[in-house]
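Report on the structure
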Amino acid sequence: MAVSISVVVLLVVLTVVFLRSGRLKFTHALVCMLLGFYLAGSNLAPDIQNGLSGAADVVSSVRP
């Protein structure tokens, strides 16, 4: 799925505004969900997956 960078940037900005406002409503959650779907279909998806896997590896290797 070809995604325009401007759509992803717009959704990121909206997500940050919604999260910073402290009031996450249903419509805000819907925008966040759309951002996830657009990011999953973008060229950034493998980088995001690698970053999350790396972060999970670091967290799982920490011993209390």
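With that settled, consider the nonpolar core. Val 8, Leu 11, Phe 18, Val 31, Leu 35 and Leu 39 form the largest nonpolar core, which has 6 residues in total. When residues of this core are traced back to their parent elements, those giving at least two are helix H1 (5–21) and helix H2 (26–40).

On the surface, a nonpolar cluster with roughly 540 Å² of combined accessible area is contributed by Phe 26, Leu 30, Met 33, Leu 34 and Phe 37. Here Met 33 is to be found in helix H2. Residue Met 33 is classed as partly exposed on the basis of its relative accessible area of 45%.

This part takes up the confidence of the model for the chain. With 89% of its residues at a pLDDT of at least 70, the chain reaches an overall mean of 77. The weakest mean pLDDT in the chain belongs to H1 at 77; the strongest belongs to helix H3 (residues 45–61) at 81.

Parameters at a glance
Residues numbered from 1 in each chain as written. Predicted model: local features only at pLDDT ≥ 70, side-chain atom pairs only at ≥ 80, totals over all residues. Heavy atoms only, no water. Core = buried A, V, L, I, M, F, W, Y, C linked by side-chain atoms within 4.5 Å. Buried < 20%, exposed > 50% of the residue type's maximum accessible area, 1.4 Å probe, protein only. Helix = DSSP H or I, 4+ residues; strand = E, 2+ residues; numbered from the N terminus. Patch = residues over 30% accessible without salt bridge, like charges linked within 9 Å, V, L, I, M, F, W, Y side chains within 5 Å. Areas by Shrake-Rupley, 256 points an atom, 1.4 Å probe, with all protein chains shown as cover. Salt bridge = Lys/Arg side-chain N within 4 Å of Asp/Glu carboxyl O. pLDDT = per-residue confidence, 0-100.

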